[in-house]
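# Structural overview for review
One-letter residues, chain by chain:
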Amino acid sequence: MILGAEVKTKKEMRFASDFGEIYALVRKGHEECGDSALVYADSEKVILAVFDGVSGEKGAAKASSDAAKSILESLKSICNPGDKEIHDAVSRASMDIREGFTTIAMAFISHDGSMVLASVGDSAIYSKSGKKVALELPLGRAVAKGDSVLKFFGFRNFVTSVIGPANHEIEIKIADGKIKKGNVLILASDGLVDNLYVETKDGYVTDASGSGDLGEIIKSDSPKTIVKDLDNAIRERIKKGKIEEKGRILDPKTDDLCLIALRWAK
């Protein structure tokens, strides 16, 4: 685990197993880093998760760190989780958070490539197959495709659900599928998502996923190269500031960043 509470500037880790190569990075963007990363593998499975502590709320770093520890404890002994096990793990993580709130995006991949993806809030899961990049689960945001550009950028920081110590219903998005040999998964906090181009037409958002932009940035299937290239691209974009082009807009923001990339080898 890379816990946000322990990140002073940036931490990275490489993880290799029979399932493939994994590379993770957490970089501080705020005064305190609220992002955390979890990577776990044994002979039966791989668990990947990113956590983005809600900025502006007390305890963001503790929230993401506590959630990471809780998710690992809940899922490390399970081989083939269903929706119930995922819901239970997320609910337990929410109760285990002492203060603050966090989003989560996670992937649970069994040895045969069967996988369950889940998210709460606006942390993202992308897949890459060949040159095609796709967002696997819709982001839990108050704005989306079809909203006006003004509304989208004004309210993109508002998420529809988080986990943390409060009496509220958690909105968990879940999908399952199978990962094939050579395919790549990228999990990211909104420190990536909010620094990608948003596609527009006639003043309205036509695609807020950033998938097309990611396809242009990523030129390799190497997890380390992917993470490094994305980190460098985001830092450059923040320096340059807002860019408006025909059919797309980039309005970058300084934020913590959490990235995990996996290339499946089986």
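Here, the structure is the one placed above.
We now turn to the structure provided with this report. These figures come from a predicted structure and were not determined experimentally.

### Quick notes on the sheet that holds strand β1 (residues 10–17)
Reading across from one edge, β1-β2-β15-β10-β7-β8 is the order of the six strands in this open sheet, with antiparallel pairing throughout. What marks the edges here is a single partner per strand, and that holds for β1 and β8 (132–135). Between one strand axis and the next, the sheet turns by 15° as a mean value, whatever way the strands run. The pairing of β1 with strand β2 (residues 20–27) spans eight bridges and is antiparallel. Of the residues in β2, the one forming a bridge with Arg-14 is Tyr-23. Packing of helix α6 (residues 223–240) onto the sheet brings it into contact with β1, β2, β10 (184–188) and β15 (257–264), and relative to β2 it is tilted by some 25°.

### What to know about helix α2 (residues 83–96)
Between the first and last C-alpha of α2 there are 20 Å, a value that for 14 residues agrees with the 20 Å anticipated at 1.5 Å per step. Looking at α2, one finds that the buried residues are Ile-86, Ala-89, Val-90, Ala-93 and Ser-94. Buried residues along α2 cover an arc of 135° about the axis, so they all sit on one side. Opposite the buried face of α2, at more than 90 degrees from it, the exposed residues are Lys-84 and Met-95. Among the structural elements, α1 (60–75), β5 (102–110), β6 (114–120) and β9 (173–178) are those in contact with the buried residues of α2.

### What about the nonpolar core?
Ranked by internal contacts, the top residues of the largest apolar core, which has 28 residues, are Leu-48, Leu-185, Leu-187 and Ile-260. Those elements that place two or more of their residues in this core are β2, β3 (35–41), β4 (45–53), β5, β6, β10 and β15. Here this core gets four residues from one element, more than from any other, and that element is β15. In contact with Ile-260, other than residues within four places in its own chain, are Ile-22, Tyr-23, Ala-24, Ala-37, Leu-38, Val-39, Leu-48, Ala-49, Val-50, Leu-185, Ile-186 and Leu-187.

### A closer look at unusual backbone geometry
Despite not being glycine, Asp-202 shows a phi value in the positive range, around 55°. Taking the relative accessible area as the measure of exposure, Asp-202 reaches 70% and is therefore exposed.

### Some thoughts on α6
Because each turn of an α-helix spans 3.6 residues, side chains separated by three or four positions in sequence point in the same direction. Counted at 1.5 Å a residue, the expected span for α6 with its 18 residues is 26 Å, and the 26 Å between its end C-alpha atoms agrees. The complete set of buried residues in α6 reads Pro-223, Ile-226, Val-227, Leu-230, Asp-231, Ala-233, Ile-234 and Arg-237. With its buried residues spanning 165° around the axis, α6 presents them on a single face. Across α6 from its buried face, at more than 90 degrees, point the exposed residues Lys-239 and Lys-240. Residue Gly-241 follows α6 closely and has a positive phi angle near 85°.

Cut-offs used in this document
Numbers given to residues run from 1 along each chain, matching the order in which its sequence is written. Note on the predicted model: pLDDT of at least 70 is required for a residue's local features to be given, and 80 or more for side-chain atom pairs to be given and counted; whole-chain, interface and lining totals, by contrast, use all residues. Only hydrogens and water are set aside when side-chain values are computed; all heavy atoms of the structure are taken into account. Any two strands are treated as partners once DSSP identifies two or more bridges connecting them. We count a stretch as a helix when DSSP gives it H or I for four or more residues in a row; a strand needs E for two or more, and each element gets its number in order from the N terminus. Helix axes are fitted to C-alpha atoms over the stretch in contact, other axes to C-alpha atoms as well, and angles between N-to-C directions run from 0 to 180 degrees. Should any heavy atoms of two residues lie within 4.5 Å, those residues are considered in contact. Helix span, expected: 1.5 Å multiplied by one less than the number of residues in the helix. Only protein chains enter the accessibility calculation, which uses a 1.4 Å probe; a residue whose area is less than 20% of its type maximum is buried, one above 50% is exposed, and one in between is partly exposed. Each C-beta atom gives one direction from the helix axis, and the arc is the one those directions make. Throughout this description, the term nonpolar core refers to a set of buried Ala, Val, Leu, Ile, Met, Phe, Trp, Tyr and Cys residues connected via side-chain atoms within 4.5 Å.

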